[in-house]
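Examination of the molecular architecture
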Amino acid sequence: MPADWSGLPEQKLVELLRGGEEAAFEALLKRYQGKIYRLALSVTKRHEDAEEVLQDVFLNVYRKIASFDGRSAFGTWLYRICVNTALMMLRGRDPAHESIDAYLPQFAGGQHARMIADWSEGADEVILRKERAQIVRQAIETLPPEYRVVLVLRDLEGLSNGEVAEVLGTSVPTVKARLHRARLALRGRLEESMMELRSRQ
Amino acid sequence: MNLRERLKQWVRFPFGGKPRMMTCEELVGLLADYLDGSLDHETARELERHLDGCASCLNFIKTYKTTTAWVKEITYEEIPDEFKDRLANFLKTKIRQEKSGGT
């Protein structure tokens, strides 16, 4: 029986794995498979794809652990492998997304092109929380993958702008700009759904 | 008011009335920085001045914040147990193959 190393700090586990200890691999797998699954699922949107991504990711971790230089945290490195694998899988397969431009705010002469209402007020009376979560999830799924990834890492996984930039191999200003556009587009979609629900009442 | 002062006044307020206000479009562009507190004090004050007189922008901020709050509430489903078992078996088999020099 391999030793139970589930309680060891991550850095120690990584060291042990580099030394060829397979039990350390198992401990890291257990620690991260849930997070990596969520991330893979949110990018690919399909269970079968998420499963395939997970297999590739952890196999790559095992194979490439020697090249992990420890400059970033192990988790960041793992997220990066996951995002790259998932995006690669979608490439050329994901149906063309409608441009997010249609859901960005419209202006005329610098002013809002039309009056903006606060559709969030009293939302609980218009829609059940469970249904609302469904609408939000669908709205996220319609975002192009590069926007979806930023939103998921930032708002769902709780990474900082700097960590997201590291995962995506890009700059903090790029992450901030992309996150802002993702939120603007989501806001536009939710506005459409909420206004429609309100008009039906 | 002497001529010099009137000129200064005209430069600041070219068309009489008020100093040039931030537009709605500019405000929306600055929103992310404003909300995470990274906007400089002066620009933030200007943004707030715009908000005082613009119901649409006020509602825009509210719904922008709500959007983020609702996103943060979502939970993705947990990894299924049978999925974990399949993954562990897949990896064990692969690693064993690689160790024995197979493919």
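Residues numbered from 1 in each chain as written. Chains lettered and ligands numbered in written order. Predicted model: local features only at pLDDT ≥ 70, side-chain atom pairs only at ≥ 80, totals over all residues.

**A look at the overall build of chain B**
Helices and strands together make up the secondary structure of chain B, namely five helices and zero strands. Listed N to C, the secondary structure of chain B is α-α-α-α-α in terms of helices and strands. Within the span of chain B, comprising 103 residues, buried residues form 15% of the whole. (Helix = DSSP H or I, 4+ residues; strand = E, 2+ residues; numbered from the N terminus. Buried ≥ 20, exposed ≤ 12 C-beta atoms within 10 Å, placed from the backbone.)

**Things to note about the interface of chain A and chain B**
A common way to express how large an interface is: the accessible area buried when the components associate. Listed by partner, the interface residues are 38 residues for chain A and 29 residues for chain B. Among the secondary structure elements, those contributing two or more residues to the side of chain A that touches chain B are helix 2 (22–44), helix 3 (47–64), strand 2 (111–112), helix 6 (129–141), helix 7 (145–156) and helix 9 (172–200) of chain A. With seven residues, the top contributor of residues to the side of chain A that touches chain B is helix 9 of chain A. Taken together, the residues that form the side of chain A that touches chain B break down as 19 nonpolar, nine polar and ten charged. (Contact = placed C-beta atoms within 7 Å. Nonpolar A, V, L, I, M, F, W, Y, C, P; charged D, E, K, R; others polar.)

**Thoughts on helix 8 (residues 161–168) of chain A**
Residues and elements named next belong to chain A. When we look at burial in helix 8, the residues that qualify are Glu163, Val164, Glu166, Val167 and Leu168. Where helix 8 is buried, its residues contact helix 4 (74–90), helix 7 and helix 9. Backbone geometry just downstream of helix 8 places Gly169 in the positive-phi region, at approximately 65°.

**Details of the domain arrangement of chain A**
All names here are of chain A. According to the domain assignment, chain A contains domain 1 (10–90) and domain 2 (100–200). Each of domain 1 and domain 2 was reduced to a C-alpha centroid, and the two centroids are 28 Å apart. Every contact between the two is made by eleven residues of domain 1 and, on the other side, eleven residues of domain 2. Elements with a contribution of two residues or more to the side of domain 1 that touches domain 2: helix 2 and helix 4. Sort the elements by how many residues they give to the side of domain 1 that touches domain 2 and helix 4 lands first, with six residues. Its residues assigned to classes, the side of domain 1 that touches domain 2 shows six nonpolar, three polar and two charged. (Domains from an automatic or database assignment.)

**A closer look at unusual backbone geometry**
Residues and elements named next belong to chain A. The backbone of Lys45 sits at a positive phi, close to 75°, despite the residue not being glycine. In this fold, Lys45 is placed in the loop between helix 2 and helix 3. Its 17 C-beta neighbours within 10 Å are what place Lys45 among the partly exposed residues.

**Concerning the environment of A:Arg181**
In this fold, A:Arg181 is placed in helix 9. When sequence neighbours within four positions are dropped, the list of residues in contact with A:Arg181 reads A:Ile100 and A:Tyr147.

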